[in-house]
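Chain by chain, the residues run as shown.
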Number of protein chains: 2
Amino acid sequence: MYNLSDTIVALSTPQGEGAIGVIRLSGNKAISICDEVFFGKNLSKQKSHTLHFGTIKNDDGKIIDEVLISIFKNPHSYTGEDVCEVSCHGSQYIIQQLLQLFIQKGARTAKAGEFTMRAFLNGKMDLSQAEAVADLIASESEASHSIALQQMRGGISNEIKNLRQELIDFAALIELELDFGEEDVEFADREKLKNLIIKIKKLIQNLLQTFELGNAIKQGINTVIAGRPNAGKSTLLNTLLQEDRAIVSDIEGTTRDVIEETLNIQGITFRLIDTAGLREATDTIEAIGIEKTIEKVNQSAILMYVFDSMKMDIPEVEKDISKLYKEGMKVLIISNKEDMYYEMHDHPKSHYNQEQVTKSKNENWDKIYQEFKNKGFVFVANVSAKKNYNIDKIKNSLYNLAIGEKLNTSSTIVANSRHYEALQGAFESLDQALHNLSSGISGDFVAMDIRHSLNYLGEITGEISSEDLLDSIFSRFCIGK
Amino acid sequence: MYNLSDTIVALSTPQGEGAIGVIRLSGNKAISICDEVFFGKNLSKQKSHTLHFGTIKNDDGKIIDEVLISIFKNPHSYTGEDVCEVSCHGSQYIIQQLLQLFIQKGARTAKAGEFTMRAFLNGKMDLSQAEAVADLIASESEASHSIALQQMRGGISNEIKNLRQELIDFAALIELELDFGEEDVEFADREKLKNLIIKIKKLIQNLLQTFELGNAIKQGINTVIAGRPNAGKSTLLNTLLQEDRAIVSDIEGTTRDVIEETLNIQGITFRLIDTAGLREATDTIEAIGIEKTIEKVNQSAILMYVFDSMKMDIPEVEKDISKLYKEGMKVLIISNKEDMYYEMHDHPKSHYNQEQVTKSKNENWDKIYQEFKNKGFVFVANVSAKKNYNIDKIKNSLYNLAIGEKLNTSSTIVANSRHYEALQGAFESLDQALHNLSSGISGDFVAMDIRHSLNYLGEITGEISSEDLLDSIFSRFCIGK
């Protein structure tokens, strides 16, 4: 299936000029290949977990670099195989020369994720842990980092393994009954089995319920900012980002895609979508015809609607939101530019929570506001993006809308859609098993349902896996990991 | 002068997402700082050159990453101090968190080149070796890599140290004479001193003479391609680059600046300058007024002039070249599009080296061709960029024009302009000493000249250095080295 007899090699540090680069080799010949080109010591005589300084020369005796080589001996390495890590000067020319030399001496270029795949195949980690390595490297926020790290350290694996073990014990009893098919015995206590399945279904359901949150944390939470022209959206966006930007820009190389800005609130990434289409034309949203804009709105978890408190009244706000709102969307309504009001009234009080409100253009506002609240919409008044009033309130509201009390990073959170699907499969199989048990159907069918369920759970940790599955998982890794 | 009591920290691998990142700490507290946050082993009890797996936690007990820590104990490290290298998952978030944690525990962010500066200050390498580290990281070609490596391994340092030692011995004798000033004794044999100075001057001159080559290799050799419209310059450029491009693109991250293309011939980088201005208007070169173009031509070491063999004759070629030629420039003249001639005559023979030539538009060609040869211009005939005829001849000619027989990477080559200037200073001081010796001037002056000369030589290896000099040298390094 997979050729583990090759020795693989790749650059494990990012491309580009740097002080050092690290080239990793793994496999039977990792140490002997290095030994052939390394001058300074006999590497094969060195202990595991030691570092050695020397030069690497090519066949012409020309020095390519002075390097440090780390030795890790099977099975005490990342991959479980003999591993050498060559730390060289971070010149692209040198790295290229070294890679070529190692290949010439018998190593093969590693495929994306192949080191981690070997770690999995050699039993150093299960599949969900291996997947977490890629998530960990890609993690941009505290929360996504926590979830990935917890998964890498066996969080979900342990839960799944426990569930599986209990099922396996029962399945064994049922399978045993089948062997005695003619004799009509019951080794497996049906009542106990039912209770077990109910318990496991509940546990799986709990895990399934964490997926929406886990996925949002992993991917970031899409948040659309909408509002009429001059509602102060840009100012609000800048004010929101300003404090955050210092932190973001510290982390160089943070990639940004089509989405314009990312905002980090208490370790959660919000992807702020502020398309020109929406910016300019909430009023004629159907007319714009910018499908991409609509699509983005539809994909968003949160709609942040900003209006100018001096110009608009609640019914107009309601009209706009009703055009943008989609089922399941969370809505945050922001009454902006209240500094104007402060200036007029010389004291910090919104005209949306005092008697002034009654003098608002539309007398129905109280009823509409109540409707918003009933729908779960959140209203933040007294905001001035310009003067930085109540910006923290907006951040807290965004965080609460997205995460609320749900986040407890010490418990297991499912953030991987492959795991989610497998859990769903396991859940449905157990449901079927329960149904078959209740209707007194033959043990054959119950045994089959439980086996299906076991397979689904086994897919998560990789106890059940296929070449296609592994290929698809590890191809998403970076080279050198 | 420099604070070596701080413990410094920086990311030593390139920015960006990768399988692993390496954070380096150096200083008295490197190990104790790591120990405070590392869980798995007591690092302070471990031997030098060993690797340790464990987790790093922040003060809240939250795991930031699973890491491998390499320990190098003073003086057996790159900097000569205690050094820890923390190999973590290559996530920007994790790297940022770890750096913050180390700083919180008492480390300080390292300045550019500060690790190497410490290696110098702690006597692990001299200044020219330290400078070579930066050159090595920046090296893009085999030749520049060889020069940097040779310098890093003490090439120029050893030469300078030998010269200095001989001078110091003599200087000591002269200084001794001065102590006995009243007694009019001569400890230092004037004749021997003269011969020594002459010998050393010669050695310095040899080194100075390598600078043009060394600098060209380090920077790459600027080569202008010129010719009239439709002479086939673009095709030639593509043909030249085509074979090379496979190699270049292997080395990802190779940076390109304003210069359009780089061509690697036998390990030497040629920077091909093919400006539109020159491309279109060799005929009216003075009229173009593109100063930048003229400037580039002036800076170029080689002029590669291409003409269409079917259309142009030698006198026209001569006219164009005389407009572009500057003193000291090397010239390569290429007679292109000879495939047309082959098609016409059905055998591979240029009309520039056979009787057809006499039928050329201008009967003077032989005389002009001879003049070209006398000036050292090189003429490559029989070229077809389109059909790939004699492209290797062009490459060999370029290499020979630029490097010739001069390149012997086992001998010392000066590639650093600071070293060049210091050598020049030393040379001039010795010249003055020789002059003063010959004119029988008092030993005081000779001693002063020799001291100047010693200072200049000492600047190269850093035995004589100033804070400003060190700042200017190390600020050109990348962070983390």
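Residues numbered from 1 in each chain as written. Chains lettered and ligands numbered in written order. Predicted model: local features only at pLDDT ≥ 70, side-chain atom pairs only at ≥ 80, totals over all residues. Heavy atoms only, no water.

J.: I'd love a proper account of the relation of the copies chain B and chain A, names of residues and values included.
T.: Between chain B and chain A, the superposition needs a rotation of 180° and an axial shift of 0.0 Å, giving an RMSD of 0.2 Å. Such values leave the two copies arranged in the relation of a two-fold axis. Closest approach to the rotation axis within chain B is made by the C-alpha atom of B:T50, at a distance of 2.2 Å. Looking at chain B, 100% of its interface residues are interface residues in chain A too, so the copies touch through the same face. (Least-squares fit on C-alpha atoms with pLDDT ≥ 70 in both. Contact = heavy atoms within 4.5 Å.)

J.: Explain the pattern of salt bridges to me, and be specific about the residues and the numbers.
T.: By the definition in use, this model includes 32 salt bridges over all chains. Notably, a salt bridge pairs B:R24 with B:E85, separated by 3.0 Å at the nearest N-O pair. Of the two residues, B:R24 is situated in strand β2 (residues 20–26) and B:E85 in strand β6 (residues 83–89); the sequence distance between them amounts to 61 residues. Of the residues examined, B:R24 reaches a relative accessible area of 5% and is grouped as buried. Notably, a salt bridge pairs B:R228 with B:D320, separated by 2.9 Å at the nearest N-O pair. You can see B:R228 sitting in the loop between β8 (221–226) and α8 (233–250) and its partner B:D320 sitting in helix α12 (residues 314–324), a full 92 residues away along the chain. Here B:R228 matches B:D320 in class, with each residue buried. Look at the salt bridges and you will find they share partners, linking A:D6, A:R108 and A:E114 into a network. (Salt bridge = Lys/Arg side-chain N within 4 Å of Asp/Glu carboxyl O. Helix = DSSP H or I, 4+ residues; strand = E, 2+ residues; numbered from the N terminus. Buried < 20%, exposed > 50% of the residue type's maximum accessible area, 1.4 Å probe, protein only.)

J.: Any chance you could break down the interface of chain B and chain A for me, citing the residues and the numbers?
T.: The interface is formed by 52 residues belonging to chain B together with 53 residues belonging to chain A. When chain B packs against chain A, the two sides together hide about 4,600 Å² of surface, and 63% of this comes from carbon and sulfur. At the surface where chain B touches chain A, the tally comes to two salt bridges. With a shortest N-O distance of 2.6 Å, A:E66 and B:R153 are connected by a salt bridge. At the junction of chain B with chain A, the criterion picks out 14 residue pairs in polar contact (both at pLDDT 80 or more). Where the side of chain B that touches chain A is concerned, the elements lending two or more residues are β2, β4 (50–57), β5 (63–72), β6, α2 (92–104), α4 (127–138) and α5 (142–152) of chain B. Looking at the side of chain B that touches chain A residue by residue, the classes come out as 21 nonpolar, 19 polar and twelve charged. (Buried area = accessible area lost by both parts, 1.4 Å probe. Polar contact = N/O pair within 3.5 Å; in protein donor to acceptor, adjacent residues only side chain to side chain. Nonpolar A, V, L, I, M, F, W, Y, C, P; charged D, E, K, R; others polar.)

J.: Can you break down helix α5 (residues 142–152) of chain A residue by residue, with the values?
T.: Working note: α-helix, 3.6 residues per turn, so residues spaced by three or four point in the same direction. In terms of residue burial, α5(A) counts as a mostly covered element, since nine of its eleven residues are buried. Just downstream of α5(A) lies A:G154, where phi reads positive at about 100°.

J.: Quick one: what's the story with the sheet that holds strand β10 (residues 268–273) of chain A, residue by residue and with numbers?
T.: Residue and element names in this part refer to chain A. One open sheet accounts for six strands, arranged β9-β10-β8-β11-β12-β13; its pairing is mixed. Taken across any chain shown, the strands that pair with only one partner, and hence form the sheet edges, are β9 (261–265) and β13 (378–380). Taking the axes of each pair of neighbouring strands and ignoring which way they run, one obtains an average angle of 25° across the sheet. Direction of pairing for strand β12 (residues 330–336) relative to β13: parallel, over a ladder of three bridges. Across the sheet, L332 pairs through a bridge with V378, a residue of β13. Of the strands in this sheet, β8 (221–226), β9, β10, β11 (302–308), β12 and β13 are in contact with helix α16 (residues 391–402), which crosses β12 at around 170°. (Pairing = 2+ DSSP bridges. Axes fitted to C-alpha atoms, helices over the stretch in contact; angles between N-to-C directions.)

J.: Can you tell me about the sheet that holds strand β13 (residues 378–380) of chain B, naming the residues and giving the values?
T.: Two pairing modes exist for strands in a sheet, parallel and antiparallel, and in both the strands are linked by backbone hydrogen bonds. Residues and elements named next belong to chain B. What the six strands build is an open sheet, ordered β9-β10-β8-β11-β12-β13; its pairing is mixed. Each end of this open sheet is capped by a strand with a single partner; those strands are β9 (261–265) and β13. Strand-to-strand twist of the sheet, defined as the mean angle between neighbouring strand axes without regard to direction, takes the value 25°. Pairing between β9 and strand β10 (residues 268–273): five bridges, direction antiparallel. Across the sheet, E261 pairs through a bridge with L272, a residue of β10.

J.: Kindly report on the nonpolar core, identifying the contributing residues and their values.
T.: Residues A:F474, B:I23, B:L25, B:I56, B:I69, B:V86 and B:F102 are the most contacted members of the largest nonpolar core, which totals 48 residues. Filtering out sequence-adjacent residues up to four positions away, B:V86 remains in contact with B:G21, B:V22, B:I23, B:L25, B:C34, B:I56, B:V67, B:L68, B:I69 and B:F102. Formed by 46 residues, the second largest nonpolar core is a distinct cluster that contains A:I63, A:V86, B:F120 and B:L127. (Core = buried A, V, L, I, M, F, W, Y, C linked by side-chain atoms within 4.5 Å.)

J.: Describe the packing of aromatic side chains, naming the residues involved and giving the relevant values.
T.: All names here are of chain A. In this structure the tally under the stated criterion is ten aromatic pairs over all chains. Here the aromatic rings of F307 and F379 are separated by 6.5 Å at their centres, their planes lie at 50°, and the arrangement is tilted. Of this pair, F307 sits in strand β11 while F379 sits in strand β13, and the two are 72 residues apart along the sequence. For the pair formed by F307 and F379, the shared burial category is buried. Among the aromatic side chains, those forming a connected cluster through ring pairs are Y325, F372 and F377. The cationic tip of R24 hangs over the ring face of F115; the distance from NZ or CZ to the ring centre is 5.5 Å. In this structure, K481 is placed above the aromatic ring of Y78, and the distance from its NZ or CZ to the ring centre is 4.6 Å. (Phe/Tyr/Trp six-rings, centres within 6.5 Å; stacked < 30°, edge-to-face > 60°. Lys NZ or Arg CZ within 6 Å of the ring centre and 35° of its normal.)

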